Amino acid sequence: MTENLNLWFDPEKCLIAGKWISCASGDSLPLMNPSNGERIGAIARGRASDIDAAVAAAHEARKGDWGRTTAAERGRFLFRLGKLVEDRIEDLARIEALDVGKPLKQARNDAVALVRYLEFYGGAADKLHGETIPYLEGYTVYTLREPFGVTGHIVPWNYPMQIIGRSVGAALAVGNACVLKPAEDACLTALAFADLAREAGLPEGALNVVPGLGSEAGAALTAHPNVQHISFTGSVATGVQVQMAAARNVVPVTLELGGKSPQIFFEDGDLEAALPFLVNAGIQNAGQTCSASSRILVQRSRLAEVAERMAEKYRALKVGPALADLDVGPLISAKQQGIVSSFLDRGADLEKVAEGRFLDAPGEGNYVKPTLFAGVDPSHVLARDEIFGPVQVIIPFDTEDEATAIANGTDYGLVASIWTRDGARQMRMAKKIRTGQVFINNYGAGGGVELPFGGMGKSGHGREKGFEALYGFTSLKTVAAYHG
Ligand code: NAD
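Nothing here was measured: the structure is a model prediction, and the numbers come from that model.

*Asks:* Help me understand the nonpolar core in this model?
*Replies:* Burial of nonpolar side chains together is a common tendency in soluble globular proteins. With 88 residues, the main nonpolar core has Leu 81, Tyr 121 and Leu 207 as its most contacted residues. Excluding anything up to four places from it in sequence, Tyr 121 contacts Leu 78, Gly 165, Arg 166, Gly 169, Ala 170, Ala 173, Lys 465, Gly 466, Ala 469 and Leu 470. Listed in part, the 50 residues of the second largest apolar core include Leu 275, Val 319, Leu 350 and Ala 383.

In C-alpha cells form, the structure reads like this:
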C-alpha cells in the first residue's frame, strides 16, 4: 500500500534565502519507502549552482538581520522553533518513519530529542562568553568567541532530526548562518525543520537547505571557498573526502564517522540491569546507529549465561514495517540491505545463537533478521568492521587487560560501556578505553543532548552536543589592549 506522506511543504524544493525554490536544473531524485520498496515521492536534486546560491544567501544573512541578532534573541528564536517542533512531534515522527523506515516510537524519540537540542542551545546561546587574561602591566586582554560565518552541515539518513538538532542548533545559537545538505536517502524532516524555522521567524538566509546527491551537492558544499566550517556525519570513506576538500580551503571540519562500540561485561556485572542495554544498543534503528554497540565482550565465567539471556531477547524481536511500530524496521535501502546481508554471509563460519523474526512475509522492504553470534574471535571481520545493521557479536575474554586490548583493538573509538560493580575497575577502565564517551553500568545515558559526543581514531574528531559544540562552532579571538 502506498502511504500518504501528508506533507505541509513541497519536498521537491530547496530553501534558499528564505524562499522555497526549485533547484536550478529542475531535476529530482526518487523518494523510497524502505518498509515496502515503493516510491512515495521525489526530492530536489540540488547541484553546485544551488549550493552557490545557498552559500551566498547565508553570507547575506550574516551581513544583514541575522548577523545583528543578539545572543538572547537567537536563544528566543531557538525556543520558539523548539515549541513549533514540539507541536508537530507526531507529524515529524510519521514522516521520519516512512522516510527512514524506523519504528514509529523510535522516530518519535528523535523528534523529542530535536526539541531538547533546541531548548538546550536556546538556553545556552547567551551563556557563552570569553575570558579576561591577566597580562603585563598596562594591558587588558580578553577573548571573544565569534561565529565562523557560514557553516556547512552534511547529514546522513540514520538520525536526521537528532543530527540536525545537534549541529545546526548549536551553529545557529552562536550566530553562524547554515547551509544544510541532507542525505538523498532521507531528507524530509530536514525540509520540515527548515519550514518550521521560517515559521519561527528565522531571518531569511540564516538556514538554507539543498537536498541532492553527496557527489554533487555534498561535494560542492565541502569544497566551497566561502564556507568557513564543515560538520559531517557519515562514513569514513566520505569523511576522508570531506576533510580533504576542506583542507584545500584550510577550513575546520568536525567528523563523526561511526564505530564498532563495545560493551564490556565483567563477571561481577549486573545482568538484569545490563540485558536491555546489551540488546537494544545493537538493534535500535536496525543497527544503523553510529554509536550502535555491535561488540559484546563477556568475561568467560558469565559467557554462556549472557549469550543465552541475549538469545532469549533476540528470539522475541519482531521485525516489520515502520508504521507497525515493532522492535526492528527495515534498513534504509536495498543497497544497505545488500551490505548487511553480505556481512551475514561472511559470518557463516560463526556460531549463530539467535535471530529475530518477521511478523509477516517481508515483501519488498529492505529487511534483514537481527542476528546474534557468540564465541567470536576479535580478529573476525564481523568483530572488526562497522556493519551498520542489526548484528551483534559476543567476544569472550579472561582478564581486564585482555578486555581493554580487544575493546581498543579496532580502528574506531566512538563509545564504550563497562558493566562491573567494582568501583576501582570502573575508574581504571574508563581511563584505559580509547573512545569519546565511556558509560559505566549503562549505555548511552539516554542519549543526553547535554553530553559532548565524538570519536577517536577513525570514528572522527571534534565534539558535538553539549556546551562543547558551542566552542566547536566558534572561533576564538584574543584582544590585547595597551592603555599604559
Ligand atoms: P555517506 O557517508 O556516503 O553519506 C553521508 C552523507 O554524506 C550524505 O548526506 C551524503 O549525501 C553525503 N556525501 C556523500 N558523498 C559525499 C561527498 N563526496 N562529499 C560530501 N558529502 C557527501 O554514507 P552512506 O553512503 O549513506 O552510507 C554508507 C555507510 O556509511 C554505511 O554503511 C555506514 O557504515 C556509514 N554511515 C555512518 C553514519 C554515522 O552516523 N556515522 C551515518 C550514515 C552512514
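That shown, we press on.
*Asks:* Just to check I follow, could you spell out empty space enclosed by the protein for this structure?
*Replies:* Where empty space is left becomes clear once a probe the size of a water molecule has been rolled over the atoms. Per the counting criterion, the structure on display carries 3 cavities of 30 Å³ or more. Of the voids in this model, the largest cavity is the one considered here, and its volume is about 60 Å³. Across the lining of the largest cavity, the residue classes tally to 5 nonpolar, 5 polar and 1 charged.

*Asks:* Mind showing me how you'd approach the packing of helix α6 (residues 160-173) against helix α7 (residues 188-199) here?
*Replies:* The geometry of a pair of packed helices is captured by two quantities: the angle between their axes and the separation between those axes. Axis separation between α6 and α7 bottoms out at 9 Å; the angle between their running directions is 45°. One finds that α6 runs oblique with respect to α7. For the crossing formed where α6 meets α7, the hand is right-handed. Between α6, through Pro 160, Met 161, Ile 164 and Val 168, and α7, the contact on the second element is made entirely by Thr 189, Ala 190 and Phe 193. Class assignment for the residues of the contact of α6 with α7 results in 6 nonpolar, 1 polar and no charged.

*Asks:* Can you help me understand the side chain of Thr 151 in this one?
*Replies:* For Thr 151, the location among the structural elements is in strand β7 (residues 150-154). Only 2.8 Å separates the side chain of Thr 151 from the side chain of His 153, close enough to count as a polar contact.

*Asks:* What should I look at first to understand the site of the ligand in this one?
*Replies:* The environment of the ligand is made up of 27 residues, and the closest members are Val 155, Trp 157, Lys 181, Glu 184 and Ser 235. Here an oxygen atom of the ligand and a side-chain polar atom of Ser 235 are 2.8 Å apart. For the ligand, whose unbound accessible area comes to 810 Å², protein coverage reaches 88%. For the shell around the ligand, the elements supplying multiple residues, two or more each, are α8 (214-222), β10 (229-233), α9 (236-248) and α12 (334-346). Both domain 1 (3-257 + 461-478) and domain 2 (262-450) contribute no fewer than three residues apiece to the shell around the ligand.

*Asks:* Help me understand the packing of helix α3 (residues 71-87) against α7 in this model?
*Replies:* Between α3 and α7, the shortest axis-to-axis distance is 9 Å and the interhelical angle comes to 125°. Taken together, the axes of α3 and α7 are oblique relative to one another. The crossing of α3 and α7 is right-handed. The residues of α7 that touch α3, namely those facing Phe 77, Leu 81, Leu 84 and Val 85, are Phe 193, Leu 196, Ala 197 and Glu 199. Considered class by class, the residues forming the contact of α3 with α7 number 7 nonpolar, no polar and 1 charged.

*Asks:* Can you walk me through the pairing of strand β18 (residues 391-397) in this structure?
*Replies:* Sheet faces and side chains relate simply in a regular strand, where the side chains alternate between the two faces. Buried residues dominate β18, accounting for 7 of its 7 residues. Both strand β13 (residues 293-299) and β18 contribute to a ladder of 5 bridges, which runs parallel. Bridge pairing in β18 places Arg 295 opposite Val 393. Across 3 bridges, strand β17 (residues 371-374) lies against β18 in parallel orientation. Note on β18: the bridge partner recorded for Thr 371 is Val 391.

*Asks:* Whenever I open this one, the pairing of strand β3 (residues 28-33) confuses me. Can you help?
*Replies:* Bridge analysis of β3 against strand β4 (residues 38-44) gives 6 bridges, and the strand direction is antiparallel. Bridge pairing in β4 links Met 32 to Arg 39.

Parameters and conventions
Residues numbered from 1 in each chain as written. Predicted model: local features only at pLDDT ≥ 70, side-chain atom pairs only at ≥ 80, totals over all residues. Heavy atoms only, no water. Core = buried A, V, L, I, M, F, W, Y, C linked by side-chain atoms within 4.5 Å. Buried < 20%, exposed > 50% of the residue type's maximum accessible area, 1.4 Å probe, protein only. Contact = heavy atoms within 4.5 Å. 1 Å grid on protein atoms, 1.4 Å probe; cavity = no way out; pocket = protein on both sides within 12 Å on 5 of 7 lines; lining within 4 Å. Points joined across faces, edges and corners; volume = space filled by probe spheres on them. Nonpolar A, V, L, I, M, F, W, Y, C, P; charged D, E, K, R; others polar. Axes fitted to C-alpha atoms, helices over the stretch in contact; angles between N-to-C directions. Helix = DSSP H or I, 4+ residues; strand = E, 2+ residues; numbered from the N terminus. Parallel < 35°, antiparallel > 145°, perpendicular 65-115°, else oblique. Left-handed = near helix turned anticlockwise from the far one by under 90°. Polar contact = N/O pair within 3.5 Å; in protein donor to acceptor, adjacent residues only side chain to side chain. Near = heavy atom within 4 Å. Areas by Shrake-Rupley, 256 points an atom, 1.4 Å probe, with all protein chains shown as cover. Domains from an automatic or database assignment. Pairing = 2+ DSSP bridges.

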